[in-house]
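Below, each chain spelled out in residue letters.
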Amino acid sequence: MAVRYELIKVCKQSGARLGRLHTPHGTFETPMFMPVGTQATVKTMSPEELKEIGSGVILANTYHLYLRPGHEVVREAGGLHRFMNWNRGILTDSGGFQVFSLSTLRKITEEGVSFRSHISGEPLFLSPEKSIEVQNALGADIIMAFDECPPFPAEREYVRASLERTTRWAERCLRAHRRPEDQALFGIVQGGMYRDLREQSAAQLVAMDFPGYAVGGLSVGEPKELMYEILSHTTPLLPAGKPRYLMGVGSPDALIEGVIRGIDMFDCVLPTRIARNGTTMTSQGRLVVRNARYARDFSPLDPECDCYTCRHYTRAYIRHLIKADETFGLRLTTYHNLYFLTRLMERVREAIREDRLLDFRDQFFAKYYGGDQ
Ligand SMILES: CC(C)(C)OC(=O)NCc1c[nH]c2nc(N)[nH]c(=O)c12
Ligand SMILES: [Zn+2]
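Residues numbered from 1 in each chain as written. Chains lettered and ligands numbered in written order. Predicted model: local features only at pLDDT ≥ 70, side-chain atom pairs only at ≥ 80, totals over all residues. Heavy atoms only, no water.

Trainee: I tried to follow the coordination of the zinc ion (ligand 2) on my own but got confused; where do I start?
Mentor: Angles between donor atoms at a metal ideally measure 109.5 degrees for a four-coordinate tetrahedral arrangement and either 90 or 180 degrees for a six-coordinate octahedral one. Within the first shell, the zinc ion (ligand 2) binds the protein through Cys305 (SG), Cys307 (SG), Cys310 (SG) and His336 (ND1), at distances of 2.1 to 2.3 Å. One chain supplies every donor to the zinc ion (ligand 2), and in sequence these donors are spaced C-x1-C-x2-C-x25-H. Residue Cys305 is classed as buried on the basis of its relative accessible area, which comes to 13%. (Donors = N, O, S within 2.8 Å, 3.2 Å for Na, K, Ca; no water. Buried < 20%, exposed > 50% of the residue type's maximum accessible area, 1.4 Å probe, protein only.)

Trainee: When you look at the layout of surface pockets in this model, what are you seeing that I'm missing?
Mentor: Rolled over the atoms, a probe with the dimensions of a water molecule shows which regions are left empty. Approximately 760 Å³ is the volume found for the largest pocket. Val36, Phe97, Gln98, Val269 and Arg273 are the residues nearest the centre of the largest pocket, which is lined by 32 residues in total. The set of elements that each furnish at least two residues to the lining of the largest pocket consists of β5 (57-61), α5 (96-102) and α11 (270-275). Looking at the lining of the largest pocket element by element, the count peaks at four residues for α5. (1 Å grid on protein atoms, 1.4 Å probe; cavity = no way out; pocket = protein on both sides within 12 Å on 5 of 7 lines; lining within 4 Å. Points joined across faces, edges and corners; volume = space filled by probe spheres on them. Helix = DSSP H or I, 4+ residues; strand = E, 2+ residues; numbered from the N terminus.)

Trainee: I keep staring at the sheet that holds strand β1 (residues 4-10) and nothing clicks. Help me out?
Mentor: Working definition: the strands of a sheet are paired by backbone hydrogen bonds and lie parallel or antiparallel to each other. In space, the three strands of this open sheet follow the order β1-β2-β3, with antiparallel pairing throughout. At either margin of the open sheet sits one strand with a lone partner, and together these are β1 and β3 (26-30). Across this sheet, the average inter-strand angle for adjacent strands is 20 degrees, counted without regard to direction. As defined by bridge partners, β1 adjoins strand β2 (residues 17-23) across six bridges and the pair is classed as antiparallel. Residue pairing across strands places Leu7 opposite Gly19, the latter belonging to β2. (Pairing = 2+ DSSP bridges. Axes fitted to C-alpha atoms, helices over the stretch in contact; angles between N-to-C directions.)

Trainee: Would you explain the pattern of salt bridges in this entry?
Mentor: Under the definition given, this model contains 29 salt bridges. Lys367 serves as the salt-bridge partner of Glu304, at 2.7 Å between the closest nitrogen and oxygen. Remark: Lys367 occurs in helix α15 (residues 357-368) and Glu304 occurs in the loop between β16 (285-288) and α12 (308-312); sequence separation between them is 63 residues. On the basis of relative accessible area, Lys367 is assigned to the partly exposed category, the value being 37%. In this structure, the salt-bridge partner of Glu354 is Arg356, at a minimum N-O distance of 2.7 Å. With relative accessibility at 25%, the residue Arg356 sits in the partly exposed group. When salt bridges that share partners are traced, they join Glu257, Arg261, Arg361 and Asp362 into one network. (Salt bridge = Lys/Arg side-chain N within 4 Å of Asp/Glu carboxyl O.)

Trainee: How do you make sense of the nonpolar core when you look at a structure like this?
Mentor: Soluble globular proteins: nonpolar side chains tend toward being buried together. Of all hydrophobic cores here, the largest spans 92 residues; its most connected members are Leu80, Phe266 and Leu357. The biggest single contributor to this core is helix α14 (residues 327-353), with 12 residues. Residues in contact with Phe266, not counting those within four places in the same chain, are Met32, Phe33, Met34, Tyr245, Leu246, Val249, Ala254, Leu255, Gly258, Val259 and Met345. One finds Val3, Leu21, Ala184 and Ala214 within the second-largest nonpolar core, a separate group that totals 19 residues. (Core = buried A, V, L, I, M, F, W, Y, C linked by side-chain atoms within 4.5 Å. Contact = heavy atoms within 4.5 Å.)

Trainee: Looking at this model, I keep getting lost on the confidence of the model for the chain. Mind explaining?
Mentor: Low pLDDT marks stretches whose predicted atomic positions should not be read closely. Looking at the chain, the pLDDT average stands at 96 and 99% of residues meet or exceed 70. Both scores are available for the predicted complex, with the pTM at 0.97 and the ipTM at 0.96. (pLDDT = per-residue confidence, 0-100.)

Trainee: Before we go on, may I ask you to explain the site of ligand 1 in this structure?
Mentor: Around ligand 1, the surrounding shell holds 14 residues, and the nearest of these are Asp93, Asp147, Gly217, Leu218 and Ser219. For ligand 1, a nitrogen atom lies 2.7 Å from a polar atom in the side chain of Asp93. One nitrogen or oxygen atom from the main chain of Gly217 is found 2.9 Å from an oxygen atom belonging to ligand 1. The protein chains hide 81% of the 440 Å² of surface that ligand 1 would expose on its own. Here ligand 1 is seated within the largest pocket. Looking at the shell around ligand 1 residue by residue, the class counts come to six nonpolar, six polar and two charged. (Near = heavy atom within 4 Å. Polar contact = N/O pair within 3.5 Å; in protein donor to acceptor, adjacent residues only side chain to side chain. Areas by Shrake-Rupley, 256 points an atom, 1.4 Å probe, with all protein chains shown as cover. Sits in = over half its atoms within 2 Å of the grid points. Nonpolar A, V, L, I, M, F, W, Y, C, P; charged D, E, K, R; others polar.)

Have a look at this one:
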């Protein structure tokens, strides 16, 4: 079995799960946050720094690596783990979503999606079979079914037709998968903001017995309360003995609310993306270190953080680097933001062990959102 989920316990106060994800590249505790390394690197971080931070599973992306350097190059390198010198877990997203959000002149049919590369402009095509062929060549421990993530808002009829095609594509992915013994293929539940369509999508995918399930099509611009409501309705439909992965979610509040609603795995570009424009996450909330008010502030980003950045550098110095467009500044903010979210998930797991996750949420929100949460 490529990937196995072990349920350790359920928090008596919140119903949240504490688990372990056993993969061919190690066993990692859940709930977990997975840093995004789209082009086979978590931007500005070395593998050694990611290990220091405590990252277990990181993401890479089929669409990007198919376009550049090409999946055959990565296959010849011996797969992604060898190519990027990362010997822990890797998950690749299937590329469908990125075609919609990145490429131009795309056309979707039953067969797949034709589009123009956002790099060279050349006409390309991704189908369930092509996506799985690329993911098999990349060699990630967890690979994702090729799906369509409907825009938000979207007409009910469009969402229903789309989820039914996504289900047919999921079937084609299962058939095309060549390495089930060392790469776990996860199904992706769609269905937009329609509870009955979410039920339909979940039922159809659960019947196919995937080793894990993702909830897709959320965090697409809908109000957070609506995301939480759809999530509350969807996760119970998924098998308790399998991992549940909420795609594209990573703000502190959404992570905690997602864990409370039964999610085990999260990914989001937020912490690394905002770091690159000088915005950091601290125990007292967001801190935009490039602001002038920090020019002579010689305290650490977060007085309560013990990460490399906070132990050795000040807000004034980091602000200077960001303003001077020095890449070392981006490395320091990225390192801290990833450490902050990884540490947050450790504290969430501790709270589950001690049956007090709802209390932890209230305490964390009061500090992080200054009580206005
Ligand atoms: C807008 C952001 C990226 C924050 O979230 C989403 O779009 N969330 C949905 C999402 C993220 N990544 C996915 N991959 C795939 N295959 N399918 C999806 O639905 C998604
Ligand atoms: Zn720090």
